[in-house]
Amino acid sequence: MQMNTPPRSTMRLTRRGKLGLVVTGAVLAGTAVAVPLLSLASDRTEQARPRTLAIPEGRRASQVYEAVDKALELPPGSTRKSLGKAALKLPKEAAGNPEGYLFPAVYPLAKGTTPESLLRLMVDTANKKFDTTPVAAGAQRNTLNVYQTVIVASIVQAESTAKADMGKVARVILNRLQRGMPLQVGTTLNYALNRTGGNAGDHADSDSPYNSYQRMGLPPTPIGNPGPEAMRAVTNPPSGDWLYYVTVKPGDTRFTADYAEHVRNVAEFSARHQSPAQSQQPSGSPRQPPATQPPR
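Predicted model, so just to flag it, every value in this text is computed and none were measured.

Enquirer: So, the overall build of the protein: which residues are in play, and what are the values?
Expert: Across its full length, the protein holds eleven helices and four strands. Looking at the protein residue by residue over its 296 residues, the buried ones come to 41%. Approximately 17000 Å² of the protein is accessible, and the part contributed by carbon and sulfur atoms is 54%.

Structure below.
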């Protein structure tokens, strides 16, 4: 940068020369001057970018705990251990388990943020979203309470391969509940096994209360933390008599009330994804009763 009134001397400083003068002056004035000069840019960057923690829809409580530990740079397991002193405002049915109520959103990580304060903020956010007239009315229409509605929404969140299918998935689950049919969804069993995928037929004889192949009704808790779309799908599902569905290929989830049609859809899925010698069932869709049983 040139001055408006150049000095009498004809000597001109290069950029490196100017920097040298600045550094030399800093050294002469004391080393304390140089530190702010070097850290000023990084300080401004930190101030311009507040830290946040994003919780995606459908994450399990265990995954949220791990994310909080990492975000707050705490030893693994710290957030889970803090549950007892977090004083979370959960429904009685939850029995202190925040699964389903760690609402997916972006949360600020201000100075002094603790695992307890973050968990309380998540649960308080969930309560604000769930304790509303539309949710209560939708739950009543489905002959459910709010906590049961969150359970269904968590299953819908886990089962749906596309948001556009959430309403129909919700209707299938509600239809099965109303008819006294087992839900037969792989995602509830996966939750019990602490896995995210796998052969839906594996461990189908498990005595876990989350095994919806063997147990009637809903699992005892949500299987993840549903987002607003999944909640809306459950509280305001479309009309339909569907009882079965299977995602044959990406973007092609087929819903039907006809058992024979569902069997054909499953056969097409199997032909696309495995050899005829294999017997794997498609994961993530309500199953028809075993082939030796008539459809209910």
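Enquirer: Break down the environment of Ala 95 for me, with residues and values.
Expert: As for its placement among the helices and strands, Ala 95 is situated in the loop between α4 (78–81) and β2 (106–108). For the pair Ala 95 and Thr 221, spaced 126 residues apart in sequence, the C-alpha separation works out to 9.5 Å.

Enquirer: An account of the packing of aromatic side chains is needed here, citing residue identities and associated values.
Expert: Overall, the coordinates contain seven aromatic pairs when judged by the stated rule. Residues Tyr 101 and Phe 130 carry aromatic rings whose centres are separated by 5.3 Å and whose planes lie at 85 degrees to one another, so their mutual orientation is edge-to-face. Of this pair, Tyr 101 sits in the loop between α4 and β2 while Phe 130 sits in helix α5 (residues 115–130), and the two are 29 residues apart along the sequence. The pair formed by Tyr 101 and Phe 130 is uniform in burial state, with each residue classed as buried. Between the aromatic rings of Tyr 245 and Phe 255, the centroid separation amounts to 5.4 Å while the plane-to-plane angle is 35 degrees, which identifies the pairing as tilted. Within this pair, whereas Tyr 245 is found in strand β3 (residues 244–249), its partner Phe 255 is found in strand β4 (residues 252–256), the two being separated by ten residues in sequence. With a relative accessible area of 1%, Tyr 245 lands in the buried category. Classification of Phe 255 as buried rests on a relative accessible area of 13%.

Enquirer: Can you explain the nonpolar core? Please cite residues and give values.
Expert: One finds Leu 53, Tyr 101, Leu 102, Leu 118, Met 122 and Val 156 to be the most contacted residues of the largest nonpolar core, which totals 50 residues. Those elements that provide at least two residues to this core are α3 (61–71), α5, α7 (146–159), α8 (166–179) and α10 (228–235). Per-element accounting of this core gives the leading share, seven residues, to α7. Once residues within four sequence positions are removed from consideration, Leu 118 is found in contact with Leu 53, Val 68, Leu 72, Tyr 107, Pro 108, Leu 109 and Thr 113.

Enquirer: For the packing of α3 against α5, give the residues involved together with the corresponding values.
Expert: Across the interface, α3 lies against α5 with an axial gap of 11 Å and an inter-helix angle of 135 degrees. Taken together, the axis directions place α3 and α5 in an arrangement best described as oblique. The handedness of the crossing between α3 and α5 is right-handed. Where α3 abuts α5, its residues Val 64, Tyr 65 and Val 68 lie against Pro 115, Leu 118, Leu 119 and Met 122. Looking at the contact of α3 with α5, its residues break down into seven nonpolar, no polar and no charged.

Enquirer: Break down the pattern of salt bridges for me, with residues and values.
Expert: Overall, the coordinates contain five salt bridges when judged by the stated rule. Between Asp 252 and Arg 254 there is a salt bridge, with its nearest N and O atoms 2.9 Å apart. For Arg 254, a relative accessible area of 22% puts it in the partly exposed group. The closest approach of N and O atoms between Glu 268 and Arg 254, which form a salt bridge, is 2.7 Å. On the criterion of sequence distance, the pair formed by Glu 268 in helix α11 (residues 259–273) and Arg 254 in strand β4 is long-range, its members being 14 residues apart. Glu 268 sits in the partly exposed class, given a relative accessible area of 28%. Counted as one network, the salt bridges with shared partners bring together Asp 252, Arg 254, Glu 268 and Arg 272.

Enquirer: Give a detailed account of α5, specifying residues and quantitative values.
Expert: A rise of 1.5 Å per residue sets the reference length of α5, with its 16 residues, at 22 Å; its end C-alpha atoms lie 22 Å apart and thus fit the reference within 8%. All buried positions along α5 are accounted for by Pro 115, Glu 116, Leu 118, Leu 119, Met 122, Val 123, Thr 125, Ala 126, Asn 127 and Phe 130.

Enquirer: Break down the packing of α7 against α10 for me, citing the residues and quoting the values.
Expert: Where α7 meets α10, the closest approach of the two axes is 8 Å, and the angle between their N-to-C directions is 115 degrees. Handedness of the crossing formed by α7 with α10: right-handed. The segment α7 lies against α10, with Thr 149, Val 150, Val 152, Ala 153, Val 156 and Gln 157 engaging Ala 230, Met 231, Ala 233, Val 234 and Thr 235. Considered class by class, the residues forming the contact of α7 with α10 number eight nonpolar, three polar and no charged.

Enquirer: Outline the pairing of β3, supporting the account with residue identities and numerical values.
Expert: Examined bridge by bridge, β3 and β4 share five bridges and lie antiparallel to one another. Bridged to Lys 249 within β4 is Asp 252. The loop that links β3 with its antiparallel partner β4 comprises two residues; one of these, Gly 251, has a positive phi angle of about 85 degrees.

Calculation criteria
Residues numbered from 1 in each chain as written. Predicted model: local features only at pLDDT ≥ 70, side-chain atom pairs only at ≥ 80, totals over all residues. Heavy atoms only, no water. Helix = DSSP H or I, 4+ residues; strand = E, 2+ residues; numbered from the N terminus. Buried < 20%, exposed > 50% of the residue type's maximum accessible area, 1.4 Å probe, protein only. Areas by Shrake-Rupley, 256 points an atom, 1.4 Å probe, with all protein chains shown as cover. Phe/Tyr/Trp six-rings, centres within 6.5 Å; stacked < 30°, edge-to-face > 60°. Core = buried A, V, L, I, M, F, W, Y, C linked by side-chain atoms within 4.5 Å. Contact = heavy atoms within 4.5 Å. Axes fitted to C-alpha atoms, helices over the stretch in contact; angles between N-to-C directions. Parallel < 35°, antiparallel > 145°, perpendicular 65-115°, else oblique. Left-handed = near helix turned anticlockwise from the far one by under 90°. Nonpolar A, V, L, I, M, F, W, Y, C, P; charged D, E, K, R; others polar. Salt bridge = Lys/Arg side-chain N within 4 Å of Asp/Glu carboxyl O. Expected span 1.5 Å × (residues − 1). Pairing = 2+ DSSP bridges.

In short, the description is geometric, and any link to function would need to be established separately.
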